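Breakdown of the fold
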Amino acid sequence: MRKIMPNRQQNPKAKQRSSLTFRMNILFFSIFVLFSVLIFRLGYLQIVKGEDYVRELERTEEVRVNTSVPRGRIFDRYGRILVDNQPENAITYTKMQTTKSPEMLEIAEKLAHLIEQPTDKVTHRDKLDFWIIRNQEAALKKVSQEEMTKFRNENEELEEKEINQEFDRRIRDRITEKELEQLTEFDLEVLAIYREMMTGYNLSPQIIKGENVTPEEFARVSEQLADLPGVNTTTDWKRVRQSPLAILGRTTVPSKGVPKSKLNFYLARDYSRNDRVGESYFEAQYEEILQGEKSVVKNITNKKGQVVETVTTFDGLPGKDLVTTLDVELQQKADEILERQLLDLKSKRGSELLDRAFLVAMSPKTGELLSVVGKKIEKDKETGKPYIVDYSYGTFTTAYEAGSTVKAATVLMGYNEGVIKPGTRMLDSPMRIGNITLNTLFNKHGSVILDDLTALERSSNIYMFKIAMGIGGRTYSPGMRFSLAPGTLQTIRNEYAQFGLGVPTGLDLPGETVGYQAEPDTDVKLLNLAIGQFDTYTTMQLAQYISTIANGGYRIQPRMLKEIRNPSKDGKYLGQVVEEVSPKILNKIENSEAEIAHVQEGLRRVYFGANGSAKRQFETADYTGAGKTGTAEVVYYGPHQDKWRTNTINIVHVGYAPFENPEIAYAIIFPWATTIFENNYLPHANLTARELVDSYFELKTKYAEEGLSSSKVEKSIIKHSDEKLDEDEEVETVNE
């Protein structure tokens, strides 16, 4: 019997495989067609249209241009303007890549008929180059071809560029003064305009005249813009300081631009050479925040590279505003107080070396600088008359011996090193070491038992000497052979460094110094370090030191920046807060709370104790406070070299208030106050401290009545003064 086989065409699996194969073929064919179309299209774009698209791309260049966006303003902690921007009419010129010198010279001549251009910046070299442009044939005749051929043969190793430079040099050398006198006043004005045009960069507006542009000049140039390609009339911004405070810093002007010393630094950050930048202190420290952002334009050029259209793609942004920690009213009062005390001290006998004074006031809990004052007496070189300049940066760039003001740190060091403990009593009587006698000012010949608090109140030198000796592993006995353990000097300095003495404070301003640390040639001299007679400290370091004790042992970074804000939208209120700067704790001293509180009591007694060295100035105060006075006997090494090695005295004061909950800490120094040592009581540092703290609490009451607070988010913009200071700082003449 015959078996019947099933039909393969009717098998379901066979049908499925056949269908899948068909679909895969369709898919591969579709992919082939798509790739063919893509390759054809790419070939068309590259081969047929390639050159057209390259030309189109070359016609467009996107660049950042040096537009005059307003720089961020600077305010005090309550919103009072310290540094502002003043709009000014300006005439600018933008040089294109294809612009030639003759074209620029023609435009300069046209402008010279429309504006009055100062010629004081024109140099002798400028005149020489301009004379050559005006007298090309006569200039070429000054150096013969035979002369240059001989020079070329004698200097075959020189490149053609160097030979041409020599040719130009010889022409300039042979231009006579009589020939230069042929340049008229009009020629010099053209030259002054032309030199400004030449200093600009391609596609970046260069200010031709930005100061004292009259409305008439502005209007005349505006009317002629069609005939002055590249010239424009616009608004520029001039930096105007409403405070003479030097640490606010300065900015460069467009004619100066970026300082040469920092050229590469700024160019790497997309600055132009003629950009205005902060060149000192606060303006320099926060340059990138204050600067703002340039506008971005897209220049469309034709086949010849000429710009036919400019499209702005980014309008630029003004710089952010900065709110400082300063209280400008307290600053003004402190300024007046310190200047008055300096002049009074200068009027005393023996003050021939005195020429400066410093004051720093800060919040001991946050490190916010409330007032930074420096005064310096200088003499006019022509008239010989003295005048006072702001020397606020001297509070952190110059250092001096601080005398007994460091004794609180010495006592805390004694606790920490196990030499003494709170309440330790020691004998204060003259110490005889070899042929040297050491004593305390109030007890030159007698003997008295003192504890640590009384030692601070009465400022005992002997008590501090014995602490230093204990750290060096020695106990005093009359006539002893004196030496200290190796490393004693470094141990003392390490202890002082906890308070900020002899180390950077972390201040947010450039240029801080840490003072001078010498190497004593005898161990006896090393003892002077314990009473502030050896190393030097800045006023800023002393303010940080006393703040550390006032706040319970935390060394806080002193700072001048409080807030970063967006520019004001309405001109009435400060802009939105972008960042609020928080206090920065650098370290905590190793003493216990009880030890710090004990020393605080000793400092309180300086103001209110029966024998306090500042009792006379503070006993009538209606607030509590604490502090330490200091008198350092030093050798003069100031600016008058003919007086070097003269023995003189620094008077110093540090303190804080209120005692229970400190709000203000301060340091005051009058270096080289007198050369008279005997019976010469000088209360000027103490008086300055008392007047400063009085002013602080008076202003605190006033602000509370006015509803003025530095912690408010919404702050009104306050114009506190009509005084405007430009680039040249105002000074006050001192009556002789």
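Check the entry above for the structure.
For every chain, the first residue of its written sequence is number 1, and the numbers climb from 1 along that sequence. Given that this is a predicted model, residues contribute local features only at a pLDDT of at least 70 and side-chain atom pairs are listed and counted only at 80 or more, while totals for whole chains, interfaces and linings are drawn from all residues. Values shown for side chains rest on all heavy atoms present in the structure; no hydrogens or waters enter the calculation.

What follows covers the overall build of the protein. For helices the rule is a DSSP run of H or I covering at least 4 residues; for strands it is a run of E covering at least 2, with both sets numbered from the N terminus onward. Within the protein, the secondary structure is distributed over 24 helices and 23 strands. Just to be clear, the radius of gyration here is over C-alpha atoms, and the globule rule we use is 2.2 Å times residues to the power 0.38. For 736 residues, the compact-globule estimate of 2.2 N^0.38 gives 27 Å, and the C-alpha radius of gyration of the protein, at 37 Å, exceeds that figure by more than 25%. If you line up the protein on its principal axes, its C-alpha atoms span 125 × 125 × 65 Å. Partly exposed describes any residue whose relative accessible area lies between the buried limit of under 20% and the exposed limit of over 50%, with all areas from a 1.4 Å probe on protein chains only and scaled to the type maximum. Of all 736 residues assigned to the protein, the portion counted as buried reaches 49%. Any pair of residues with heavy atoms lying within 4.5 Å of one another is described as a contacting pair. For the protein, long-range pairs separated by at least 24 residues make up 72% of all intrachain contacts whose partners lie at least 6 apart in sequence. In this description, accessible areas are obtained by the Shrake-Rupley approach with a 1.4 Å probe, and a residue is regarded as covered only by the protein chains that are shown. Total accessible area on the protein stands at roughly 37,500 Å², and carbon and sulfur atoms take up 50% of it.

Here His-684 shows up in helix 24 (residues 684–706). Beyond its immediate chain neighbours, meaning those up to four positions away, His-684 contacts Gln-341, Asp-344, Leu-345, Lys-348, Ile-651 and Phe-670.

A separate point is a negative patch on the surface. Taken together, the side chains of Glu-156, Glu-157, Glu-159 and Glu-162 make up a negatively charged region of the molecular surface. With respect to the helices and strands, the residue Glu-156 is situated in the loop between helix 6 (145–154) and helix 7 (160–173). Like charges within 9 Å and nonpolar side chains (Val, Leu, Ile, Met, Phe, Trp, Tyr) within 5 Å are joined into patches, using only residues over 30% in relative accessible area that form no salt bridge. By salt bridge we mean one thing: a side-chain nitrogen of Lys or Arg within 4 Å of a carboxyl oxygen of Asp or Glu. All tallies of charge rest on Lys and Arg as positive and Asp and Glu as negative; His and the ends of each chain are not included. For the purpose of locating charges, the reference atoms are NZ of Lys, CZ of Arg, CG of Asp and CD of Glu.

Before going further, it helps to examine a nonpolar patch on the surface. Together, Leu-20, Met-24, Leu-27, Phe-28, Ile-31, Phe-35, Leu-38, Ile-39 and Leu-42 make up a nonpolar patch on the protein surface, roughly 880 Å² of accessible area in all. Along the chain, Leu-42 falls in helix 1 (residues 12–48). You can call Leu-42 partly exposed: its relative accessible area is 49%.

Quick look at the nonpolar core now. Working definition of a nonpolar core: buried Ala, Val, Leu, Ile, Met, Phe, Trp, Tyr and Cys residues. They are joined through side-chain atoms within 4.5 Å. If you look at the biggest cluster of nonpolar residues, it comprises 92 residues, and the most contacted ones within it are Leu-369, Met-464, Ile-467, Tyr-496, Leu-527, Leu-542 and Tyr-545. Counting 37 residues, the second largest nonpolar core, distinct from the first, contains Ala-334, Leu-342, Ile-388 and Leu-692.

What follows is about the packing of helix 3 (residues 101–112) against helix 9 (residues 185–198). The interhelical angle for the contact between helix 3 and helix 9, taken along N-to-C directions, is 130 degrees, at an axis separation of 8 Å. Considering the angle they form, helix 3 stands oblique to helix 9. You can see that helix 3 and helix 9 cross each other, and the crossing is right-handed. Taken together, the residues of helix 9 that come into contact with helix 3 (itself represented by Ser-101, Met-104, Leu-105, Ile-107, Ala-108, Glu-109, Leu-111 and Ala-112) are Phe-186, Glu-189, Val-190, Ile-193, Tyr-194, Met-197 and Met-198. Amino acids are sorted into nonpolar (Ala, Val, Leu, Ile, Met, Phe, Trp, Tyr, Cys and Pro), charged (Asp, Glu, Lys and Arg) and polar (every other residue, Gly among them). Taken together, the residues that form the contact of helix 3 with helix 9 break down as 12 nonpolar, one polar and two charged. Each axis is a line fitted through C-alpha atoms, and for a helix only the stretch in contact is used; angles between axes span 0 to 180 degrees, taken between their N-to-C directions. These descriptions rest on fixed angle ranges, namely under 35 degrees for roughly parallel, over 145 for roughly antiparallel, 65 to 115 for roughly perpendicular, and the rest for oblique. Should the near helix be turned counterclockwise from the far one by less than a right angle, the crossing is left-handed, whereas a clockwise turn marks it as right-handed.

Stacked, edge-to-face and tilted are the three classes for Phe, Tyr and Trp ring pairs, Trp counted by its six-membered ring, which pair at centre distances within 6.5 Å; planes under 30 degrees apart are stacked, over 60 edge-to-face, the rest tilted. As enumerated under the stated definition, the model contains 17 aromatic pairs in all. Centroid distance Phe-358 to Tyr-391: 5.5 Å. Interplanar angle 50 degrees. Geometry classified as tilted. Placement of Phe-358 in strand 9 (residues 356–362) and of Tyr-391 in the loop between strand 11 (386–390) and helix 15 (394–397) is noted, with a sequence separation of 33 residues between them. Residue Phe-358 shares its accessibility class with Tyr-391, and that shared class is buried. Taking the centre distance of 6.5 Å and the plane angle of 15 degrees together, the rings of Tyr-656 and Phe-659 count as stacked. Members of the aromatic cluster, each reached through a chain of ring pairs, are Tyr-281, Phe-358, Tyr-391, Tyr-393, Phe-396, Tyr-400, Tyr-636 and Trp-672. In our convention, an over-ring charge means Lys NZ or Arg CZ found within 6 Å of a ring centre and within 35 degrees of that ring's normal. Lys-376 extends its terminal NZ or CZ atom over the ring of Tyr-391, reaching a point 4.9 Å from the ring centre.

Within helix 19 (residues 488–497), seven of the 10 residues are buried, which leaves the element mostly enclosed by the surrounding structure. When we look at burial in helix 19, the residues that qualify are Thr-488, Leu-489, Ile-492, Arg-493, Glu-495, Tyr-496 and Ala-497. In the core, the buried residues of helix 19 are packed alongside helix 16 (407–416), helix 18 (461–471), helix 20 (523–526) and strand 16 (554–556).

What follows deals with the environment of Glu-714. Looking at where Glu-714 falls in the secondary structure, it is placed in the loop between helix 24 and strand 23 (732–733). Assessed through its relative accessible area of 58%, Glu-714 is described here as exposed. The spacing of Glu-714 and Gly-79 is 635 residues in sequence and 9.6 Å in space, taken between C-alpha atoms.

Read these as layout, nothing more, since geometry by itself doesn't imply function.
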